[in-house]
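For reference, the chains in residue letters:
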Amino acid sequence: MSKIRVMDENLANKIAAGEVVEKIASVVKELVENSLDAHATHVVVSLMDGGLKQIEVLDDGDGMDKEDALLAFSRHATSKLYRDDDLFFIDTLGFRGEALPSIASVSFVSLKTCSGEVGTLLEIKGGKLLKNEVSDARKGTEIVVKDLFYNTPARLKYLKTEASELALCVSLLERLALSHPSVSFTLFNNERMLVKTTGSGNLHKCIHEIYGLGVSSKMIEVHASNDDFDVSGFVCKPEILKSNRNHFITIVNDRVVKNYDINRAINDAYYTYKPDTKFPIVVLKIDTDPTLIDVNIHPTKQDIKLDKINELYDLLLKTIKDALYHSLLIPDAIKKPEYNEIKDQYVENFVKEEEKKLDVYSTSNQVALDLSYEEEKEEIIVNEELKKLVLYPVGVAMGTYIVAQNEEGVYLIDQHAAQERINYERYLKALKETNVLTTSLLFPIPVELSASEFLTIKNYLSVLTDMGFSVQEFGVNTFVFKAHPTWLRTGYEEESIRKIIDIMIQNNGEFDRVKFNEHLAITLACKMSIKANMHIGPEAVEELLQELVLCDNPYNCPHGRPTIIKFSIYDLERMFKRVMN
Ligand code: ZN
Ligand code: ZN
């Protein structure tokens, strides 16, 4: 091989490195995926300074003989065997073949590997082979990448701070662990353990190891399939929401992927179970025929496109909705610790106040890790039982919170939120009804509008008639309402009509009757429900509780806020130290 050829190749590698190695996490991802391809059951990732100084990946996989090890660092190496379903990522083959030489061209790499008999040690700096020796024979691979981008300062600049590179690595390892529950993953940064899974093969246990008891005890198991997709996994109860979508973990044919429509299905399934700005923790495994997956996607991105996405959307939406419907979702007043929060805090403060935070972390970490995983899952209580549940009113605190009790504990119910939920479901049902009962108005209600509003409403007259209104044009830019659907609350007819017209004017454009109904039901429910600090008598309290437990979702107001919170007898006894632990 001529010198010029070598230089060209090295240059190509450096250029490729700029494209495929964007972050520390992309190096870690490549190395760990190599371990997984080599059937490793244990993968240990050790970073120094968030990986900026050093990245080490150790596995107990198949290992390589000397020839394969050398080949792995030559560009366009295609010696690797890929599984059948890798065909759907066929365009990544090029990337997978180029990644190791690319990484080696911009760092110092040392590789120790052994496929069973003789071990091999290679050292490569800036793409140049410095060492090629026989080494000890531990089966598996150990690869160390030091000083990434040392010879391309322009690229080095693009790496973010230690803390943000580390946060990306933590999130990557968590996702890899959740997508491979049979493999044990460990992540260290500066010898501090941040992720540890045992590789038990049990997804629920893996969720426990990553998020802690606070999350794992609040997960609902789901299973479903249709002709093209099998779905299984866990979705969280709405009491442990996060402020971003980072915990929508979707695994298609064993790969963690991102897909807009899958995420939309998850979010839509939680409609009115959560506020719009909060997001659940969801780990879903989706298995499908690889031919349904679009291959034309950039190799470093996780985005995928799927055929029959509408069928998958419907399946996910129904499965998650059913799971929420059939589970008892009253939040506990006492929150169990979430391992994840402690870790996030550590990562965030990693650079700022390292020493101090390390201490905080190590003590709290122990507390979190002491929470042992219980194999028996909590019995899933179906909603039908809640409907039999009786809440005995005790009184109303602060003119806002109904206090109730039963043999299991004490409950606080937000009177506005609860009534809002009851009214919301009532209005929504009424709005879907085709046989509408109407009430004639003794004094017709005139509604005067601007010229453009008048024209808008004129387009909606058939919708208003459908809803049970009798409306006529009456003079200049004015409609007169002569009858209304009976479900409109007495005394609030005019206010309600004005609200409906407002929503129609706001919605102007594409009219979606389903969305309109939802929007209208929420608005009217909020308007028509007793506010906080409004006195309600004991009979009204009793009636409200009876109606609440009969709702489809009695746990949240239509805006997603909780309606009811439980203090179990155990929580109370613990708070008053009647029991110690
Ligand atoms: Zn409200
Ligand atoms: Zn609300």
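Note that the coordinates shown come from a computational prediction; the quantities given were computed from them, not determined experimentally. (Residues numbered from 1 in each chain as written. Chains lettered and ligands numbered in written order. Predicted model: local features only at pLDDT ≥ 70, side-chain atom pairs only at ≥ 80, totals over all residues. Heavy atoms only, no water.)

### Observations regarding the overall build of the protein
Assigned secondary structure in the protein consists of 20 helices and 22 strands. Roughly 28900 Å² of accessible area belongs to the protein as shown, and the carbon and sulfur atoms make up 53% of that amount. (Helix = DSSP H or I, 4+ residues; strand = E, 2+ residues; numbered from the N terminus. Areas by Shrake-Rupley, 256 points an atom, 1.4 Å probe, with all protein chains shown as cover.)

### Here's the deal with the coordination of the zinc ion (ligand 1)
Bound to the zinc ion (ligand 1) are the protein donor atoms H416 (NE2), E420 (OE) and C526 (SG), situated 2.1 to 2.4 Å from the metal. If you list the donors of the zinc ion (ligand 1) from N- to C-terminus, the spacing comes out as H-x3-E-x105-C. The two metals, the zinc ion (ligand 1) and the zinc ion (ligand 2), are separated by 3.8 Å and share E420 as a common coordinating residue. With a gap of four residues between them, H416 and E420 both fall in helix α14 (residues 415-432), about one helical turn apart. The same class applies to H416 as to E420, namely buried. (Donors = N, O, S within 2.8 Å, 3.2 Å for Na, K, Ca; no water. Buried < 20%, exposed > 50% of the residue type's maximum accessible area, 1.4 Å probe, protein only.)

### What to know about the sheet that holds strand β9 (residues 219-225)
Ordered in space as β9-β10-β13-β11-β12, the five strands form an open sheet in which the pairing is mixed. Each edge of the sheet is formed by a strand with only one pairing partner; in this case those strands are β9 and β12 (255-257). Along the sheet, successive strands turn relative to each other by an average axial angle of 20°, direction set aside. In the sheet, strand β10 (residues 229-236) pairs with strand β13 (residues 282-288) via seven bridges, with the strands oriented antiparallel. Looking across to β13, one finds that F229 is bridged to T288. Contacts from helix α6 (residues 162-179) reach β11 (248-252), β12 and β13, with the element oriented near 50° to β11. (Pairing = 2+ DSSP bridges. Axes fitted to C-alpha atoms, helices over the stretch in contact; angles between N-to-C directions. Contact = heavy atoms within 4.5 Å.)

### Points about the coordination of the zinc ion (ligand 2)
Looking at the zinc ion (ligand 2), one finds its protein donor set to be E420 (OE), C557 (SG) and H559 (ND1), positioned 2.1 to 2.4 Å from the metal centre. Counting the intervening residues between successive donors of the zinc ion (ligand 2) yields the motif E-x136-C-x1-H. Judged by relative accessible area, which is 1%, E420 ranks as buried.

### What about the nonpolar core?
Ranked by internal contacts, the top residues of the largest apolar core, which has 111 residues, are V28 and I413. Residue contributions to this core peak at nine residues, all from helix α10 (residues 309-325). Not counting chain neighbours up to four residues away, the residues in contact with I413 comprise L391, T400, Y401, I402, A404, A418, L545, L548, T563 and I564. Counting 33 residues, the second-largest nonpolar core is a separate cluster that includes V447, Y460, F469 and I501. (Core = buried A, V, L, I, M, F, W, Y, C linked by side-chain atoms within 4.5 Å.)

### Details of helix α19 (residues 538-549)
Look at α19: 17 Å from first C-alpha to last across twelve residues, which is about the 16 Å you get at 1.5 Å a residue. Turning to α19, its buried residues number three or more, namely V541, L544, L545, L548 and V549. Taken down its axis, α19 places every buried residue within 120° of arc, on the same side. (Expected span 1.5 Å × (residues − 1). Arc of directions from axis to C-beta.)

### Structural notes on the packing of helix α15 (residues 451-459) against helix α17 (residues 493-506)
A pair of packed helices can be characterised by two numbers: the angle between their axes and the separation between those axes. For the pair α15 and α17, the least separation of the axes is 10 Å and the interaxial angle reads 95°. Here α17 runs roughly perpendicular to α15, going by the angle between their axes. Contacts from E453, T456 and I457 in α15 reach I501, M504 and I505 in α17. Here the residues of the contact of α15 with α17 sort into four nonpolar, one polar and one charged. (Parallel < 35°, antiparallel > 145°, perpendicular 65-115°, else oblique. Nonpolar A, V, L, I, M, F, W, Y, C, P; charged D, E, K, R; others polar.)

### Observations concerning the side chain of D59
On the secondary structure map, D59 appears in strand β2 (residues 54-59). The buried charged residue D59 lacks any salt bridge, with R138 as its nearest oppositely charged partner at 5.6 Å. Engagement of the side chain of D59 in a polar contact is seen with the side chain of S35, the distance being 2.7 Å. Beyond its immediate chain neighbours, meaning those up to four positions away, D59 contacts S35, A40, H42, V43, R138, K139, G140 and T141. (Lys, Arg positive; Asp, Glu negative; His and termini not counted. Salt bridge = Lys/Arg side-chain N within 4 Å of Asp/Glu carboxyl O. Polar contact = N/O pair within 3.5 Å; in protein donor to acceptor, adjacent residues only side chain to side chain.)

### Describing the packing of aromatic side chains
According to the stated counting rule, one finds six aromatic pairs in the structure shown. For the ring pair F248 and F279, a centre distance of 6.2 Å and an interplane angle of 75° mean the geometry is edge-to-face. Remark: F279 occurs in the loop between α9 (260-269) and β13 and F248 occurs in strand β11; sequence separation between them is 31 residues. For the pair shown, F248 and F279 are each scored as buried. Centroid distance F511 to F516: 5.2 Å. Interplanar angle 50°. Geometry classified as tilted. The exposure class assigned to F511 is partly exposed, which follows from its relative accessible area of 28%. What links up through ring pairs into an aromatic cluster is the set Y460, F511 and F516. Above the face of the Y150 ring, K125 is positioned so that its terminal group lies 5.5 Å from the ring centre. (Phe/Tyr/Trp six-rings, centres within 6.5 Å; stacked < 30°, edge-to-face > 60°. Lys NZ or Arg CZ within 6 Å of the ring centre and 35° of its normal.)

### Remarks on the environment of S26
By the element assignment, S26 lies in helix α2 (residues 24-37). For S26 and L168, which are 142 residues apart along the polypeptide, the C-alpha to C-alpha distance reads 9.3 Å.

### Here we look at the sheet that holds strand β17 (residues 401-406)
Sheets are built from strands that pair by backbone hydrogen bonding, the pairs being arranged parallel or antiparallel. As summarised here, the arrangement of the four strands in space is β16-β17-β18-β22, forming an open sheet in which the pairing is antiparallel. Because the sheet does not close on itself, it has two edges, and the strands there are β16 (392-397) and β22 (564-568). If you compare each strand with its neighbour and ignore which way they point, the axes differ by 25° on average. By the bridge criterion, five bridges tie β16 to β17 in an arrangement that is antiparallel. Across the sheet, the residue bridging to Y392 is Q405, located in β17.

### Points about the confidence of the model for the protein
When the pLDDT values of the protein are averaged, the result is 83; 82% of them are 70 or greater. Here residues 1-7 scores under 50 on pLDDT; set against residues more than four positions off or in separate chains, the count is one contact. (pLDDT = per-residue confidence, 0-100.)

### Details of the pairing of β11
Extensive coverage of β11 is indicated by the burial of five of its five residues. Going residue by residue along β11, you find F248, T250 and V252 tucked away on one face and I249 and I251 tucked away on the opposite face as well. Judged from the five bridges that link them, β11 and β13 form a sheet pairing that is parallel. Among the inter-strand pairings, T250 is bridged to a residue of β13, identified as L284. Note that β11 and β12 share three bridges and pair antiparallel. When the sheet's bridge partners are listed, I251 is paired in β12 with V256.

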